[in-house]
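# Structural features, examined
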Amino acid sequence: HVCASCMGFLQVLPPTVQKHKRWRRPGVCGLENSGNSCYLNVVLQCLCATVPLVEQLLHWDTLSEVFVHLLEIMWLGGGSSCSPLEVRSALCSVLPQFNNDSQQDAQELLLLLLNTLHDDFNKVLLHMFELSAVRGCSFNSNIVTRLFEGQLSYMCICMHCHHQAHNTQTFTVLSLPVPKDSIKCSIQDCLSLFFKQTVLTGGEQAMCSVCGLKRETAVITCVDRAPEVLVLHLKRFGSKGKNQVKLRTNVLFFTELDLSQFLSGLVPNESSYHLYAVVNHSGHLTMGHYTAVCYNSPAQTWHYFDDAAVSEVQEDRLQSPNAYLLFYSHNRSIQRH
Ligand SMILES: [Zn+2]
């Protein structure tokens, strides 16, 4: 198995050594398409670029073994591409809805994959807890929770008696609305739309505990706890009347993202995020193709992944009207130095 110091190569190899080596960068590994599986490949690429997750998993030898095995090949193997078939068949056995050759939604897969990993980790943590209770040692909390989970806070104000009620909800992906009628907008516009104050009226009215009745309610949303890895999902797939449509709005995003205006309290250094992976969806609603662009932290370069094909890209080529999922982090191990 991987030795305990294996991840040392992240720090040990200076960027110059990495650059002079011929093609084969740890963590830069295309994934072969196993029949309409680009939605799976792009999500695997983005998780492979989530360095804290990789560091934790490469040192773990009992759980989610096929995913760990794939990460070992992608980070430590010698090929320029490999097959994720093992992950796919493991995935199909846990989540049978993916056991076919039809195109699926990458965001749904990401959520289900993270949930599955999360449940796997909890089983192991329970086991470790039993051991640590005996040995009196400490252990890390669930890596998926620690990296991806944030918390939203909702302030609900009764428009009749002004009573305020406070609710919270955890999230792993923020699904942002995309303005329907514009050709171009910015990611800040999508965030502002998501966090815009809304008033629940008509059938959506909420129960007020003071009035004892359903009342018009103002809802103010903000981020209570910012996750270490922030995944933004652009809701491009929607319906217009009876028809399913794909919104092609060019959403401008940047490598830096400041979330401070949407945070409930000011937590220093936790509002500034750095982009490290993007999933693109091109084509139509049902006939489309997914590709990914991920930052490789040891080589400090960006790579474009189209299934098994890999090419290096410059940072100024990241912007695309096809952007669908954006992965941001405020962890220093993913950021450039
Ligand atoms: Zn009230």
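Located above this text is the structure these notes cover.
First things first, this report covers the structure right here in the doc. (Residues numbered from 1 in each chain as written. Predicted model: local features only at pLDDT ≥ 70, side-chain atom pairs only at ≥ 80, totals over all residues. Heavy atoms only, no water.)

Ordered in space as β4-β3-β10-β7, the four strands form an open sheet in which the pairing is antiparallel. With one partner strand each, in any of the chains shown, β4 (164-171) and β7 (198-200) form the two edges of the open sheet. With strand direction ignored, the average angle separating the axes of adjacent strands in the sheet is 30°. Relative to strand β10 (residues 217-225), β7 runs antiparallel, the two sharing three bridges. From the neighbouring strand, V199 faces β10, where its bridge partner is A218. Across the face of the sheet, helix α9 (residues 187-195) comes into contact with β3 (150-158) and β10 while running at roughly 125° to β10. (Pairing = 2+ DSSP bridges. Helix = DSSP H or I, 4+ residues; strand = E, 2+ residues; numbered from the N terminus. Axes fitted to C-alpha atoms, helices over the stretch in contact; angles between N-to-C directions. Contact = heavy atoms within 4.5 Å.)

To continue, consider the packing of aromatic side chains. Note on aromatic pairs: each is described by the distance of the centres and the angle between the planes. By the definition in use, this model includes seven aromatic pairs. Aromatic pair Y290 and Y324: ring centres 6.1 Å apart, planes at 40°, arrangement tilted. Of this pair, Y290 sits in strand β17 (residues 288-296) while Y324 is found in strand β20 (residues 323-329), placing the two residues 34 residues apart along the sequence. In this structure, Y290 and Y324 share a single accessibility class: buried. With 5.3 Å between their ring centres and 55° between their planes, Y295 and W302 make a pair best called tilted. The burial state of Y295 is the same as that of W302; both residues are buried. An aromatic cluster is built from F194, F195 and F262, whose rings are joined through pairwise contacts. (Phe/Tyr/Trp six-rings, centres within 6.5 Å; stacked < 30°, edge-to-face > 60°. Buried < 20%, exposed > 50% of the residue type's maximum accessible area, 1.4 Å probe, protein only.)

As defined by bridge partners, strand β12 (residues 237-240) adjoins strand β13 (residues 243-246) across four bridges and the pair is classed as antiparallel. Note that in β13 the partner of G238 across the bridge is V245.

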